[in-house]
Amino acid sequence: MNLRQNLGRYGEERAAGYLVERGYEIIDKNWHSSSGEIDLVARDKNLLVFVEVKTRSGAGFGHPFEAITKEKVSRMRRLAAEWLAAKQVFGLQVRLDAIAVLVSGGRVYIEHLKEVF
Amino acid sequence: MAVAKALSVSLVGLAGTIIEIEAEISSNLPAFILIGLPDAALAEAKDRVRAALQNSGLAMPSRRVTVNLSPASVPKRGSGFDVAIAIAILSASGRVEVPSAASWVHLGELGLDGSIRPISGILPSVLAARQQGFDKVIVPEQNLDEASLVDGVTVIGASSIAEVAAFHGAKVTARSLQPTHGRTPQLESSHEATIDMADIIGQDEAVHALAVAATGGHHLLLVGPPGVGKTMLAERLPTILPQLTAEESLETSAIRSLVTMANLGAVAKLLAVRPFEAPHHSASLSSLIGGGQAFPRPGLISLANHGVLFLDEAPEFQRPILEALRQPLESGEVFINRTAGLARFPARFQLVMAANPCPCGNYFGSARGCTCSVSTRMAYFSKLSGPLLDRVDIRMRLQPGKATDVSLANYGAKQIGRSSHEIRAKVTAGRERSRRRLAGTQWSNNAQVPGSFLREHLRPNRSVTKPLDLALERGLLSMRGYDRCLRLAWSSADLAGRESVLPEDIALAINLRGSDGAML
């Protein structure tokens, strides 16, 4: 596992912790299909939340959110549908979120955007 | 605050509309959406604004930013909205004080490094802002002089977006801006005239004809062989016309501001001398009358507003162009309709046309050198149609100078009363006289007065007009020619400082009028 993947994993863990603190229940992590990966799937009562986590150290390459493009969002939608089909989950509302984890100068900043489209 | 606004101005022709630029920041993935009828250059503002903010220590919010240019139905173009867009975004993201950002009109283009670049059309934009009750304007530093020409407006010149942001209360280090107050500056008469009527050798009649034309605002046609001095004379007409008034200057400067390449900063000062435009005869209709693609642009006739439009080799111009001059000659303005809207441009110019006596140029005197057939000569002048020539009161035939004129000049025999300065003084006094006489009417100079009014109210004594009445009776003069003679006679009297028309004024008028056709 290289440094970059390491940072990504770390960010996802921090994001999961952040959600748990706020009463979400994490029900899946790093779920793969042939078309991609969902970082986190969390549940808040009747709401199923699919989360894309972006981690950056320093803002030299822009804000983490800037890396989430339109294409990425539409892929998330497709993956969410695949996940629901694979897990045979019905009757829940679905939401797409994005979480930015910024590691800078020994401190970690987390931002959470709900309903990203 | 998630929604905030800043102001700017959109120009269609000379007419400006105040544009409210609203910025909204919503918690969503970063995006920059620009709506409200922008053209291509304006749509690119997104990238300029983003880079400029980021390179000025004023980050672009990492959320979805929606910018709306309102009223959305008014077409907008160009890069002049950049500064206002940037300030609206900073205001919406809480970086600057909202009331301050919303109360100033911002004009200017942004560079990627955050510098503010000059734009064209500053003068009409600031005038439009003032007219609509907005008297605080931030403009690019290089446009400051131009913007300060507008009386009663507080203007600030800024050279970077950081300065503007700091002015509105952002915590960023930048030079602090000082407001200046616009004032209509005194027109300096100090323009160094490099040309003067005294440069012309001989041609006394022509010089006098120009003075009459200047007094009455008459349009002219000069016909003469090449080298006789037609261009020299025409170029010197602005030097004997009365000084531009501040209002006239502001109006023409505003038109010229629209077409100035902004980065040259050429309009920085008010026009002090009357414009002189001399298009080549290959000029296109839209360059002369006005055109533009989506947005109306003024043509040379509007750039020559309150000045002189000189058409050298007039019969060589395309016929549609000559015909298109008729309407602006009549109304003093021109309307240009384009997809972005209808624009009205003032075009109150004095027309001077020059023509050779025939296509080869030698049909004068004994016409020995002329190789043109009669039909070629007729075809040449038939380009100048009757309706166009109807509006040209003075038609002069120029003869080549005489050797005695040259030798007199060589001996330093200065012609008395020949300098532009002296002639202008008489012309100005003459114009004042005719204005007084025409007070209470809708006309301000002799050339505008219709024949019916002349014959009814300003008819000279019957003994004075006797030569005219005789000519009319014998069919040597048309009724229209009769009216033109009366107009010219009044201008001649005004120039000479008389309150009534004398027989010599009539004689001069008959001479200046030429024939009713173009061939003299």
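Cut-offs applied
- Residues numbered from 1 in each chain as written.
- Chains lettered and ligands numbered in written order.
- Predicted model: local features only at pLDDT ≥ 70, side-chain atom pairs only at ≥ 80, totals over all residues.
- Helix = DSSP H or I, 4+ residues; strand = E, 2+ residues; numbered from the N terminus.
- Buried ≥ 20, exposed ≤ 12 C-beta atoms within 10 Å, placed from the backbone.
- Contact = placed C-beta atoms within 7 Å.
- Pairing = 2+ DSSP bridges.
- Axes fitted to C-alpha atoms, helices over the stretch in contact; angles between N-to-C directions.
- Core = buried A, V, L, I, M, F, W, Y, C linked by C-beta atoms within 7 Å.
- Parallel < 35°, antiparallel > 145°, perpendicular 65-115°, else oblique.
- Nonpolar A, V, L, I, M, F, W, Y, C, P; charged D, E, K, R; others polar.

Structural notes on the overall build of chain B
Line of reasoning, step 1. Counting secondary structure elements, chain B contains 22 helices and 19 strands.
Line of reasoning, step 2. Considering only C-alpha atoms, chain B reaches an extent of 90 × 50 × 45 Å along its principal axes.
Line of reasoning, step 3. Burial statistics for chain B: of 520 residues in total, 48% are counted as buried.
Line of reasoning, step 4. Within chain B, contacts between residues separated by at least 24 positions form 75% of all contacts whose residues are at least 6 apart in sequence.

As for the sheet that holds strand β15 (residues 308–311) of chain B
Residue and element names in this part refer to chain B.
Line of reasoning, step 1. Strand order in the open sheet formed by five strands is β12-β15-β18-β11-β19, and the pairing between neighbours is parallel. Edge positions in the sheet fall to β12 (276–277) and β19 (394–397), since each of these pairs with one other strand and no more.
Line of reasoning, step 2. Judged from the four bridges that link them, β15 and strand β18 (residues 350–355) form a sheet pairing that is parallel. Looking at the pairing, Phe310 lines up with Val352 of β18.
Line of reasoning, step 3. Of the strands in this sheet, β11 (220–223), β12, β15 and β18 are in contact with helix α9 (residues 230–240), which crosses β18 at around 170°.

Some words on the nonpolar core
Line of reasoning, step 1. Ile21, Ala86, Ala88 and Val137 of chain B are the most contacted members of the largest nonpolar core, which totals 144 residues.
Line of reasoning, step 2. For this core, the leading source of residues is helix α3 (residues 82–92) of chain B, giving nine residues.
Line of reasoning, step 3. In contact with Ala86 of chain B, not counting residues within four places along its chain, are Val49, Ala52, Leu53, Leu110 and Ile161 of chain B.
Line of reasoning, step 4. The next biggest cluster of nonpolar side chains, apart from the first, holds 22 residues, and it includes Leu40, Val41, Val51 and Leu79 of chain A.

Points about the pairing of strand β16 (residues 333–338) of chain B
Residues and elements named next belong to chain B.
Line of reasoning, step 1. Pairing between β16 and strand β17 (residues 341–346): six bridges, direction antiparallel. If you follow Arg338 over to β17, its bridge partner there is Gly341.
Line of reasoning, step 2. Linking β16 to β17, which pair antiparallel, is a turn of two residues.

Examining the environment of Ser33 of chain A
All names here are of chain A.
Line of reasoning, step 1. The topology assignment puts Ser33 in strand β1 (residues 25–33).
Line of reasoning, step 2. Taking the number of C-beta atoms within 10 Å as the measure of exposure, Ser33 has 13 and is therefore partly exposed.
Line of reasoning, step 3. Filtering out sequence-adjacent residues up to four positions away, Ser33 remains in contact with Leu79 and Glu82.

Comments concerning the sheet that holds strand β2 (residues 36–44) of chain A
All names here are of chain A.
Line of reasoning, step 1. Strand order in the open sheet formed by five strands is β1-β2-β3-β4-β5, with mixed pairing between adjacent strands. A single partner strand is all that each edge strand has here, and the edge strands are β1 and β5 (107–113). Going across the sheet, the axis of each strand differs from the next one's by a mean of 30°, ignoring polarity.
Line of reasoning, step 2. Pairing between β2 and strand β3 (residues 47–57): five bridges, direction antiparallel. Within β3, the position partnered with Arg43 by the bridge is Leu48.

Side note on the packing of helix α5 (residues 122–131) of chain B against helix α10 (residues 246–259) of chain B
All names here are of chain B.
Line of reasoning, step 1. At a minimum axis separation of 6 Å, α5 and α10 run at an interaxial angle of 125°. Classified by the interaxial angle, the pair formed by α5 and α10 is oblique. Contacts from Ile122, Leu123, Pro124 and Leu127 of α5 reach α10 at Ser253, Ala254, Ser257 and Leu258.
Line of reasoning, step 2. Tallied by class, residues from the contact of α5 with α10 come to six nonpolar, two polar and no charged.

Some thoughts on unusual backbone geometry
Line of reasoning, step 1. With an omega of 5°, the peptide bond between Ser70 of chain B and Pro71 of chain B qualifies as cis.
Line of reasoning, step 2. With respect to the secondary-structure elements, Pro71 of chain B resides in the loop between β4 (64–70) and α3.
Line of reasoning, step 3. Phi is positive for Glu115 of chain A, which is not a glycine, with a value near 50°.
Line of reasoning, step 4. By the secondary structure assignment, Glu115 of chain A is in the segment after β5.
Line of reasoning, step 5. When the 11 C-beta atoms within 10 Å are taken as the criterion, Glu115 of chain A is described as exposed.

Nothing here speaks to function; it is all geometry.
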